[in-house]
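# Report on the structure
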Amino acid sequence: MNNTKQKYINSAVLLLVSSVLVKAISAVYKIPLTAYIGATGRGYFNIAYNLYMPVHALIMGAFPIALSHLVSKYNAKGDHAKIYSLKRASGILFFIVGVLGLAFMVLFAKPYAELISSSPKSIYTIFILAPNVLFSSMAACRRSLAEGYMNMVPTSVSQIIEAVFKLVFGLLFARYSMSYLFEMYMQSGAVLGIVCETEEIALSVIYPFTSAAAMGGVTAGSLFSLIYVSIYNSVKYNSSIPNKRYKTKDSLGEIISFSAPIIVSTIIQSVSTFLDNTSVQYCLSLCNIEQLKIAYQQCLQITSTPDEDVVTYIYGLFSSAQDFKNLLPSLTMALGVAAVPAISAAFETGSRERLSALSNSIFKYTSLIAFGGGFYLSLAAPNILNILYNSSNYDIVIGCGNLVYYFGFTMIFYCLAGVSVFAVQAIGCAKKSIPSFIISAVLRVGINYFLVSDYRYNLYGTVVSGAVGYLVILISNLYIFRKYSDVKYKLSDLFFKPLFCSAVSFFASKMVLNSIFGDYGHLFNLVVLSGIYIILFTLLCILSKLITFSEIKFLQTSKKLA
């Protein structure tokens, strides 16, 4: 048990660190990017991702889990010939699905942009993003092979490489395309042959192209990430041809067979996410446009957004808020990815005590990150937004502040739901999750229709729909995992203690800041709030025995053994 737990901790810590670095790089990237392309450009960016994410989720959420599980399974049995066969089969499979995904993006770009998203100018961004499907698929094949050995180095490093190249090339492409096209307007009064009577009209024409140029950085980052993992795997896992040979066809069938229920659940989950995001934009278009303009009057005055781009602009504000909302779930996803081979190995041994101890540890730390990080996000949201966007895009501070604040309190639903889904998939029960995804999708789209389409609630309706939808997924998958693995949950460690520690730290930090320090600027407030909150939260976690010195000692030992 200790050996499995040590490997899991090493893997999870490595992925968490890399995820934090990636998110830090992403934050640095998005501040100047938003300055170049504006909230309207961010709207085009997110529309392209809405079409891309279901394809990406299918590739990244089904086949890699299957390959990681099977490699872990046969490695535990010492069957290296089978792993060799799986490696060959997965290379063929991931290439085929990558090509199919690329074709899907290209073929559906125009109808999606024009008929579904009601944003024809987003088609350029979709086309530039399309090759990313193939690159990501081929890279996922190589990463999941290493993950099967609980080796998270290629996954972690490739994520950082992808983020760095996205930062460098994305900003360069956005900056120079903006400079070139705006200079064209200043000299001729037209952009690419389109006559523009005002600067606002010119920017409306320019933003789709600068967004597409910035997306080129994303695709470039994915390509360089693929190059790295290919070189790493060719050196690390370039084993000789075994004497015992399995048919590649049989291994391909085994991967597909294990993936089948995950594919179905992933498709449903991806479609539900797609419908959720798309319904937000559609429901915004159902709002009374004049009332919607009044609700975002200050933001629209700052940006001088023309009426034809109002819905796309507000959807761009939603995209900016999503950057913060998705931060913690993307971090806890590292725990889920690392959990798949660890839970699979523990489940195969048949020891429910070992599986319960490992699972409760995974869920507990997910809950700590979700509650602790979520309450901190709500606490620090105004100061963080002002520090990041006050000088470049103050409209985002005004338009996203309250939205990010409310999203912070719902993080537990997103984070723990994601990890619980990984846990269910790790024990081979992915198809059991399907009903919860369907119910969640119906609830989220339905709530969006009633709340987002009402100008009084608009984007704030997404806070309610997301929380309700992911609560259904969370409860359902925790029940499924307990039923088919016989684990026993420590509910106090999973929910009650983390909630208590986070809530007390939240209110105490606000009280101390307001009563003792006052308001000395956003940076000072952020530093003071962060210091008070972290100290209080850590102390409360230790006093409530959520974090014990034996676990800290174990973590230190596991790092030395890594």
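Shown above is the structure to which this text applies.
Residues numbered from 1 in each chain as written. Predicted model: local features only at pLDDT ≥ 70, side-chain atom pairs only at ≥ 80, totals over all residues. Heavy atoms only, no water.

Before going further, it helps to examine the pattern of salt bridges. Under the criterion given, the structure shown has 7 salt bridges. Close ionic contact of Arg 456 with Asp 454 constitutes a salt bridge, the shortest N to O distance being 2.7 Å. Three or more residues are tied together by salt bridges with common partners; here these are Glu 290, Lys 293 and Asp 307. (Salt bridge = Lys/Arg side-chain N within 4 Å of Asp/Glu carboxyl O.)

What follows covers the environment of Gly 216. Following the sequence through the fold, Gly 216 ends up in helix 7 (residues 199–236). Look past the residues within four positions of Gly 216 in its chain and what remains in contact with it is Ile 128 and Phe 173. (Helix = DSSP H or I, 4+ residues; strand = E, 2+ residues; numbered from the N terminus. Contact = heavy atoms within 4.5 Å.)

With that out of the way, let us pick up the packing of aromatic side chains. For the coordinates displayed, the defined rule picks out 25 aromatic pairs. Ring geometry for Phe 63 versus Phe 94: centroids 6.1 Å apart, planes at 65 degrees, classification edge-to-face. Placement of Phe 63 in helix 2 (residues 63–77) and of Phe 94 in helix 3 (residues 80–116) is noted, with a sequence separation of 31 residues between them. The same class applies to Phe 63 and to Phe 94, which are both buried. On the basis of an interplanar angle of 65 degrees and a centroid distance of 5.9 Å, the ring pair of Phe 363 and Tyr 489 is categorised as edge-to-face. Of this pair, Phe 363 sits in helix 13 (residues 352–389) while Tyr 489 sits in the loop between helix 17 (461–485) and helix 18 (491–517), and the two are 126 residues apart along the sequence. On the basis of relative accessible area, Phe 363 is assigned to the buried category, the value being 1%. The rings of Phe 371, Phe 375, Tyr 405, Tyr 406, Phe 409, Tyr 460, Phe 506 and Phe 507 are connected pair by pair, giving a single aromatic cluster. In this structure, Arg 175 is placed above the aromatic ring of Tyr 176, and the distance from its NZ or CZ to the ring centre is 5.8 Å. (Phe/Tyr/Trp six-rings, centres within 6.5 Å; stacked < 30°, edge-to-face > 60°. Buried < 20%, exposed > 50% of the residue type's maximum accessible area, 1.4 Å probe, protein only. Lys NZ or Arg CZ within 6 Å of the ring centre and 35° of its normal.)

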